[in-house]
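Here's the letter readout for the chains.
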Amino acid sequence: MAPVKEHRSEDNGFFAPALLDWHRGVHRPMPWKGIKDPYRIWLSEIILQQTRVEQGLPYYERFVAAYPDVTALAQAPDEAVMKLWEGLGYYSRARNLLEAARHVAFRLDGRFPDTFEGLRALKGVGDYTAAAIASFAYGLPHAVLDGNVYRVLARVFGIDTPIQLPEAKRVFGQLAQKLLPPDRAAEYNQSIMDFGALVCTPQKPACPNCPFRAECTARSTGKTDFFPVKKTPAKRRVRYFYYLLIEEGDFTYVEKRGQKDIWPSLWQFPLIETEHFLDEEKFLSSDAYKNWLETHGAEPVSQSILSTEKHLLTHREMVLTYIAVKVEKPINTFNEKYIRMFVKKVADLTLPKPLKMVYIGRTQIQPIFFTI
């Protein structure tokens, strides 16, 4: 890599004025932009954690329609909120959302904290979210630091600290705070996030339209794709899930996942997890499957694998296999571990996204979603 030029602190005065000037001509309408309501700002920020704006926008609108203020959300049943969240993934955000809403509604008399520290203390609120709420709702001088900001600052100022390292938060955070105009915090924070989304994009940034063409280290060194520097990601752990889609007339069986694993507290079909991938013949003859049938008194009249698919999570690769198991009489629910319910009622449950897609895809064609 060619040497990068370093910007001394006294050279940084060009950044904020050029950024704010660029933003005057930008029209990126979103329903939460420009508002001062801390509830709606907080709601939008929680929804957009690890979620693209295009995906999160309809969820935001549905939440605001269902729960127009923090007290309404705090009073909502857990299952209703989880159902409304369905499809967004990272369901811990929804649980944190409820816990924080109930704290604000019932312990703070419905008033959101008006300091960075108070906001940061809410469940599910990190430094970025606290800074966003503090600046947008209250005009407080706290710089946001998200993926867009890391990318813009790394490229313009040639910062080669890998962004996954703990050191990066200090390096980038200090620079972000130094660049922030204290009296225009909300406008500046919105500007740099819009700039990262519209101009300094992850792939194929619009360098010819960039107001920092002359100062940008990445452009001058021809290393736009190099910044921001990322460590080689750790290899994903692979897990093998076999879901039993049991057909007993118009009934099927489901269970609720525990709290200590992926998709906590969501519903699923009976699951057998194996250490290695097994094809249809090996799985149907495996001890794990035979023991499950024996334990639950299940006597299949037909059984076969419907499909196998991969599903990627942040640190895991899931190999999900769906097995159609047709029985003629109820199975032993094993101390109420499983719930017997009408197939058509499964749609009312909050399922992990891949299971939901399997259910929807088959119920649109046939009344019994796993019938071959």
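Scroll up for the structure.
Residues numbered from 1 in each chain as written. Predicted model: local features only at pLDDT ≥ 70, side-chain atom pairs only at ≥ 80, totals over all residues. Heavy atoms only, no water.

Draft legend 1. Seen up close, the side chain of Thr274. Within the secondary structure layout, Thr274 lies in strand β4 (residues 271–274). Looking at Thr274, the relative accessible area reads 14%, which means it is buried. At 2.7 Å, the side chain of Thr274 and the backbone oxygen of His276 are in polar contact. Excluding anything up to four places from it in sequence, Thr274 contacts Tyr240 and Tyr242. (Helix = DSSP H or I, 4+ residues; strand = E, 2+ residues; numbered from the N terminus. Buried < 20%, exposed > 50% of the residue type's maximum accessible area, 1.4 Å probe, protein only. Polar contact = N/O pair within 3.5 Å; in protein donor to acceptor, adjacent residues only side chain to side chain. Contact = heavy atoms within 4.5 Å.)

Draft legend 2. A look at the packing of aromatic side chains. All told, the structure shown has 20 aromatic pairs when counted by the stated rule. Considering the side-chain rings of Phe283 and Tyr289, the 5.1 Å spacing of their centres and the 35° angle between planes classify their relative orientation as tilted. As far as the burial class goes, Phe283 and Tyr289 line up, both buried. Taken together, Phe14, Phe15, Trp22, Phe157, Phe195 and Phe212 form an aromatic cluster joined through their ring pairs. Here the guanidinium or amino end of Arg62 rests over the ring plane of Tyr59, the centre of that ring lying 4.6 Å away. The ring of Phe251 is capped by Arg340, whose NZ or CZ atom sits 3.7 Å from the centre of that ring. (Phe/Tyr/Trp six-rings, centres within 6.5 Å; stacked < 30°, edge-to-face > 60°. Lys NZ or Arg CZ within 6 Å of the ring centre and 35° of its normal.)

Draft legend 3. Fine view of the pattern of salt bridges. If you walk through the whole model with that rule in mind, you get 21 salt bridges. The residue Arg24 makes a salt bridge to Asp21 at a minimum N-O spacing of 2.7 Å. Using a relative accessible area of 52% as the deciding quantity, one classes Arg24 as exposed. As a salt-bridge pair, Arg102 and Asp78 come within 2.8 Å of each other at their nearest N and O atoms. Remark: Asp78 occurs in helix α5 (residues 78–85) and Arg102 occurs in helix α6 (residues 92–107); sequence separation between them is 24 residues. For Arg102, a relative accessible area of 25% gives the class partly exposed. A residue is classified by how much of its surface remains accessible, and Asp78, at 44% relative accessible area, is partly exposed. (Salt bridge = Lys/Arg side-chain N within 4 Å of Asp/Glu carboxyl O.)

Draft legend 4. How the structure looks around the sheet that holds strand β6 (residues 316–326). Strand order in the open sheet made by the 4 strands is β4-β1-β6-β5, with mixed pairing throughout. The sheet is open, and its two borders are formed by β4 and β5 (302–312), each paired with just one other strand. The mean inter-strand angle of the sheet, taken between neighbouring strand axes irrespective of direction, is 20°. Of the strand pairs in this sheet, β5 and β6 are connected by 10 bridges, and their pairing is antiparallel. The partner of Ser304 across the bridge, within β6, is Ala324. (Pairing = 2+ DSSP bridges. Axes fitted to C-alpha atoms, helices over the stretch in contact; angles between N-to-C directions.)

Draft legend 5. Here's a closer look at the packing of helix α1 (residues 15–23) against helix α11 (residues 185–198). Two elements in contact, α1 and α11, have axes whose closest approach is 9 Å; the angle formed by their N-to-C orientations is 75°. On the basis of their axis angle, the class for α1 and α11 is roughly perpendicular. The segment α1 lies against α11, with Phe15, Ala16, Leu19, Leu20, Trp22 and His23 engaging Glu187, Tyr188, Gln190, Ser191, Ile192, Asp194, Phe195 and Leu198. Among the residues making up the contact of α1 with α11, the classes are represented as 9 nonpolar, 3 polar and 2 charged. (Parallel < 35°, antiparallel > 145°, perpendicular 65-115°, else oblique. Nonpolar A, V, L, I, M, F, W, Y, C, P; charged D, E, K, R; others polar.)

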